[in-house]
Amino acid sequence: MTAKPSPESTASIDLLMAGPLLPGLMADIESRYRVHRWWEIKDQAAFLETQGPAIRGIVTSGRFGADKALIESLPALETIVSFGVGYDPIDIATAQARNVAVSNTPGVLDDCVADTALALMLAASRRIVEADRFVRAGRWPNEGFGLGRKIGGKRCGVVGLGNIGLQIARRAEAFGMDIAYYNRRQRSDVPANYAYHADVLSLAQASDYLVLAVPGGAQTRHMIDAPVLEALGPQGFLINVARGTVVDETALVKALQAKTIAGAGLDVFEFEPQVPAELMSLDQVVMLPHIASGTFETRKAMADLVVENLDAWFSRRELLTRVV
Ligand code: 8YV
């Protein structure tokens, strides 16, 4: 960890915080910088006019982002420091055009996100959440529960073999699964037994579990559509720890209702926190409220990296984990 710049040197730096972050992270930044809480400002247009010219940094997250209008309304903006690896709600093109440096928090959350993918695979296949509901409802003394499906010996198709995808593959391998993947480019630095597919449709055809680990944004929007779900087939599960936008959610609901796929484990949704009402009654779906990185340990590491990026920028114009 690098030394923090002195509070005297940062106290006069104006930052815009896009939304509420972890309390400890906010307290740390607010104790050393002059922070303006965007979401608490009643007249944002008036604020931009009077105080906007002083803002040198935006602190945000993969949830709150920073759009074109906001970036363009801050003439002195130098950097956008974001909490989270995904930066799809940050307008990167506008940041680049304005010469604004952007950072995210890669690396530190790979384990927890991959753990969550495996948790969802197991939960959906072994019907863990449904079984819990069965016990709680007092049904055990009078009824049998039925069987789940084994994941060992099945085919795990990873969509996006980046840092997180690789951790998912390693874990799935440890559970006895065969690994295949789709990536923009074939990777030569991964085990030779990881079978490469040049398109998602062919990977879906060759998978029992299709696990999504690609970034969000326009390039991957609705990459998982009706034909891909059909290719996954009635024994197949869709697992999403990436972004809800990667999946055509209407097509997914239809496939689950018609049982043309076996089930799904979803940490993210197309219009989160709104979840399609149709999914609520389907036992073969396990749903989480976007918690894949949500452990004390990982969120602390992400918060530390946000602070390190901020301090590195304002002490020496560097970002440790720079996107652009
Ligand atoms: C965060 C995430 O919860 O890192 C990401 O891209 O989706 C999560 O780890 C999110 O970015 C914080 O809002």
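What you see is a predicted model, and the numbers here were worked out from it, not measured in a lab.

**Q** Before we go on, may I ask you to explain the sheet that holds strand β2 (residues 34-37) in this structure?
**A** To summarise the sheet geometry, strands pair through backbone hydrogen bonds and adopt either a parallel or an antiparallel arrangement. Read from one edge of the open sheet, 5 strands run β2-β1-β3-β4-β5, paired in parallel fashion. The two strands at the open ends of the sheet, each matched to only one other strand, are β2 and β5 (101-103). Taking each pair of neighbouring strands and ignoring which way they run, the sheet shows an average axis angle of 20°. With 4 bridges joining them, strand β1 (residues 14-17) and strand β3 (residues 55-61) adopt parallel strand pairing. Bridging across to β3, Met17 finds its partner in Val59. Sheet contacts for helix α2 (residues 23-32): β1, β2, β3 and β4 (79-83); angle to β2, the most-contacted strand, approximately 130°. The strands touched by helix α12 (residues 296-316) are β1, β3, β4 and β5; relative to β4, the strand with the most contacts, the crossing angle is about 170°.

**Q** Would you mind showing me how to read unusual backbone geometry here?
**A** One can expect most non-glycine residues to show negative phi and most peptide bonds to be in trans. In this structure, the amide linkage connecting Glu272 to the following residue, Pro273, adopts the cis form with an omega of 5°. For Pro273, the position within the fold is in the loop between β11 (263-266) and β12 (285-287). Although it is not a glycine, Asn99 sits at a positive phi angle of roughly 60°. Position of Asn99 relative to the elements: it lies in the loop between α5 (92-97) and β5.

**Q** Honestly, the packing of helix α6 (residues 110-126) against helix α8 (residues 163-174) in this entry has me stumped. Any pointers?
**A** Each pair of packed helices can be summarised by the angle the axes make with each other and by the distance between the axes. Their axes nearest at 8 Å, the elements α6 and α8 cross at an angle of 50°. As summarised for this structure, α6 and α8 are arranged oblique, according to the angle between their axes. Regarding α6 and α8, the two cross each other, and that crossing is right-handed. Contacts between α6 and α8 pair Asp110, Asp111, Val113, Ala114, Asp115, Ala117 and Leu118 from the former with Asn163, Ile164, Gln167, Ile168, Arg171 and Ala172 from the latter.

**Q** Can you walk me through the site of the ligand in this structure?
**A** Close contacts around the ligand come from 13 residues, with Val85, Gly86, Arg243, His290 and Ser293 the closest. Residue Ser293 places a side-chain N or O atom 2.7 Å away from an oxygen atom belonging to the ligand. Contacts to the ligand include Arg299, whose side-chain N or O atom sits 3.2 Å from an oxygen atom. Computed on the free molecule, the ligand has an accessible area of 320 Å², of which 88% lies beneath the protein chains in the complex. Looking at the shell around the ligand residue by residue, the classes come out as 4 nonpolar, 6 polar and 3 charged.

**Q** What is the right way to read α6 from this model?
**A** Residue pairs spaced three or four apart in an α-helix point in one direction, given the helix's 3.6 residues per turn. In this model α6 runs 24 Å from its N-terminal to its C-terminal C-alpha over 17 residues, within 8% of the 24 Å that 1.5 Å per residue would give. Burial analysis of α6 places 12 of its 17 residues in the buried class, which makes it a mostly covered element. Looking one or two residues beyond α6, the residue adopting positive phi is Arg127, at roughly 60°.

**Q** Explanation requested: the side chain of Asp208 in the structure shown.
**A** Mapped onto the secondary structure, Asp208 falls in the loop between α9 (200-205) and β9 (209-212). On the accessibility criterion, Asp208 (13% relative accessible area) is buried. Of note is the side chain of Asp208, whose polar atom sits 2.8 Å from the backbone nitrogen of Arg155. What Asp208 contacts, discounting residues up to four positions off in sequence, is Lys154, Arg155, Leu232, Gln235, Gly236 and Phe237.

**Q** Please clarify how the domain arrangement of the chain should be interpreted in this entry.
**A** Often, the extent of an interface is quoted as the loss of accessible area on bringing the components together. We note that the domain assignment places domain 1 (7-106 + 297-316) and domain 2 (110-287) within the chain. Each of domain 1 and domain 2 has a C-alpha centre, and these two points are 33 Å apart. Counting residues at the interface gives 5 residues for domain 1 and 5 residues for domain 2. Seen at the junction of domain 1 and domain 2, the total is 1 salt bridge. Between Asp88 and Arg243 there is a salt bridge, with its nearest N and O atoms 3.0 Å apart. Linking domain 1 with domain 2 are 1 residue pair in polar contact (both at pLDDT 80 or more), by the criterion used here. In terms of residue class, the side of domain 1 that touches domain 2 is made up of 1 nonpolar, 3 polar and 1 charged.

**Q** Honestly, the pattern of salt bridges in this entry has me stumped. Any pointers?
**A** When the charged atoms of two side chains lie near each other, side chains of opposite charge can form a pair. For the structure on display, the rule yields 20 salt bridges. A salt bridge links Asp14 to Arg34; the nearest nitrogen and oxygen atoms lie 2.8 Å apart. A residue pair is termed long-range when its members are at least 10 positions apart, and Asp14 in strand β1 and Arg34 in strand β2 qualify at 20 residues. Between Arg171 and Asp111 there is a salt bridge, with its nearest N and O atoms 3.1 Å apart. Remark: Asp111 occurs in helix α6 and Arg171 occurs in helix α8; sequence separation between them is 60 residues. The class of Arg171 is buried, set by a relative accessible area of 18%.

**Q** I'm lost on the nonpolar core in this one. Help?
**A** Counting residues in hydrophobic clusters, the biggest one holds 53 residues, and the most contacted among them are Leu15, Ile29 and Ile168. Sorting elements by how many residues they give to this core places α6 first, with 8 residues. Contact partners of Ile168, with chain neighbours within four places excluded, come to Ala114, Ala117, Leu118, Val158, Val211, Ala213 and Val241.

Conventions adopted
Residues numbered from 1 in each chain as written. Predicted model: local features only at pLDDT ≥ 70, side-chain atom pairs only at ≥ 80, totals over all residues. Heavy atoms only, no water. Pairing = 2+ DSSP bridges. Helix = DSSP H or I, 4+ residues; strand = E, 2+ residues; numbered from the N terminus. Axes fitted to C-alpha atoms, helices over the stretch in contact; angles between N-to-C directions. Contact = heavy atoms within 4.5 Å. Parallel < 35°, antiparallel > 145°, perpendicular 65-115°, else oblique. Left-handed = near helix turned anticlockwise from the far one by under 90°. Near = heavy atom within 4 Å. Polar contact = N/O pair within 3.5 Å; in protein donor to acceptor, adjacent residues only side chain to side chain. Areas by Shrake-Rupley, 256 points an atom, 1.4 Å probe, with all protein chains shown as cover. Nonpolar A, V, L, I, M, F, W, Y, C, P; charged D, E, K, R; others polar. Expected span 1.5 Å × (residues − 1). Buried < 20%, exposed > 50% of the residue type's maximum accessible area, 1.4 Å probe, protein only. Domains from an automatic or database assignment. Salt bridge = Lys/Arg side-chain N within 4 Å of Asp/Glu carboxyl O. Core = buried A, V, L, I, M, F, W, Y, C linked by side-chain atoms within 4.5 Å.

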